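Residue strings, one per chain:
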Amino acid sequence: MSKSLARVRTALKDAGLAVDLREMEASTRTAEEAAAAVGCALDQIVKSIVFRGEGSGHVRLFLTAGGNRICPEKAARVAGEPLGRADPALVRAETGFAIGGVAPVGHLRPIPCWADPRLQQFDTVWAAAGTPRHVFAIAPAVLLRLTGATLADFTL
Ligand code: 5CA
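The following paragraphs examine the structure supplied in this document.

Conventions and cut-offs
Residues numbered from 1 in each chain as written. Predicted model: local features only at pLDDT ≥ 70, side-chain atom pairs only at ≥ 80, totals over all residues. Heavy atoms only, no water. Near = heavy atom within 4 Å. Polar contact = N/O pair within 3.5 Å; in protein donor to acceptor, adjacent residues only side chain to side chain. Areas by Shrake-Rupley, 256 points an atom, 1.4 Å probe, with all protein chains shown as cover. Helix = DSSP H or I, 4+ residues; strand = E, 2+ residues; numbered from the N terminus. Nonpolar A, V, L, I, M, F, W, Y, C, P; charged D, E, K, R; others polar. Buried < 20%, exposed > 50% of the residue type's maximum accessible area, 1.4 Å probe, protein only. Contact = heavy atoms within 4.5 Å. Arc of directions from axis to C-beta. Salt bridge = Lys/Arg side-chain N within 4 Å of Asp/Glu carboxyl O.

**Section: the site of the ligand**
Of all residues adjacent to the ligand, which total 15 residues, the nearest are Thr28, Arg29, Ser48, Arg85 and Gly100. A distance of 2.5 Å separates a nitrogen atom of the ligand from a polar backbone atom of threonine 28. Arginine 85 is positioned with one of its side-chain polar atoms (N or O) 3.2 Å from a nitrogen atom of the ligand. About the coverage of the ligand: the protein hides 71% of its 610 Å² of free accessible area. The element best represented in the shell around the ligand is strand 2 (residues 45–53), accounting for 5 residues. Along the lines of polarity and charge, the residues of the shell around the ligand split into 7 nonpolar, 5 polar and 3 charged.

**Points about the side chain of serine 4**
Considering the arrangement of structural elements, one finds serine 4 in helix 1 (residues 3–14). A relative accessible area of 11% means that serine 4 is categorised as buried. There is a polar contact of 3.4 Å between the side chain of serine 4 and the backbone oxygen of glycine 96. Ignoring sequence-local partners within four residues, the contact set of serine 4 consists of Arg92, Gly96, Phe97, Ala129 and Gly130.

**A short note on helix 4 (residues 88–95)**
Residues of helix 4 that are buried: Leu90, Val91, Glu94 and Thr95. Angularly, the buried residues of helix 4 cover 105° about the axis, an arc narrow enough to put them on a single face. With a side-chain oxygen lying 2.9 Å from the backbone nitrogen of alanine 89, the N-terminal cap of helix 4 falls on aspartate 87. Glycine 96 sits one or two positions beyond helix 4 and adopts a positive phi of about 85°.

**Focus on the pattern of salt bridges**
By the definition in use, this model includes 6 salt bridges. For glutamate 81, the salt bridge identified is with arginine 60, shortest N-O distance 2.5 Å. Residue glutamate 81 is found in the loop between helix 3 (72–79) and strand 4 (83–85), and its partner arginine 60 is found in strand 3 (residues 59–65); the two are separated by 21 residues along the sequence. On the basis of relative accessible area, glutamate 81 is assigned to the buried category, the value being 11%. A relative accessible area of 13% places arginine 60 in the buried class. When the shortest N-O distance is used, the salt bridge between lysine 74 and aspartate 153 registers 3.2 Å. Residue lysine 74 is located in helix 3, and its partner aspartate 153 is located in the segment after strand 8 (150–151); the two are separated by 79 residues in the primary sequence. Taking the relative accessible area as the measure of exposure, aspartate 153 reaches 48% and is therefore partly exposed.

**Observations concerning the side chain of glutamate 81**
Here the side chain of glutamate 81 touches serine 56 through a polar contact of 2.8 Å, landing on its backbone nitrogen. If we skip the residues at most four places from it in the chain, glutamate 81 touches Gly53, Glu54, Gly55, Ser56, Arg60 and Ala76.

Listed below in structure tokens is the structure:
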């Protein structure tokens, strides 16, 4: 098992959750691919979008419904600092995951996190499990508790 996948499994287990990490036959690298592989609505896919806080120099995480796009100005307001692009090396260094498989949990360091209220409109949402081929299903309320995410309007 990949270290990234194992880190997600451990994080969920440590939280007392019995969550099935599913390996898909097709790529789940993008939200569109993940929705097709799972057979769910695009907005049921949790995109874990990472920005670099230009004040802190550390990454900030925005859990976004698959069909929504982040408004950079709103996101910066929510984060309380200007945001810039997080290059793949920074994403890897702080989350422990490569882009396309960034999970909402199991990061190498604690990451401030905000969540798109759209995700709450589903009983279950699907998130990346650390690789571009693994996903897991979770109730949005549980995802929020686990990530410590604050609900906020940061989408277009
Ligand atoms: N596994 C899927 C669904 S759970 C997934 O990870 N989707 S995602 O949307 O969270 O991750 C892809 C996102 O990575 C893209 O939307 C884009 O915002 C971001 N991304 C892609 N390339 C780069 C890059 N070079 N630098 C920073 N972010 C990137």
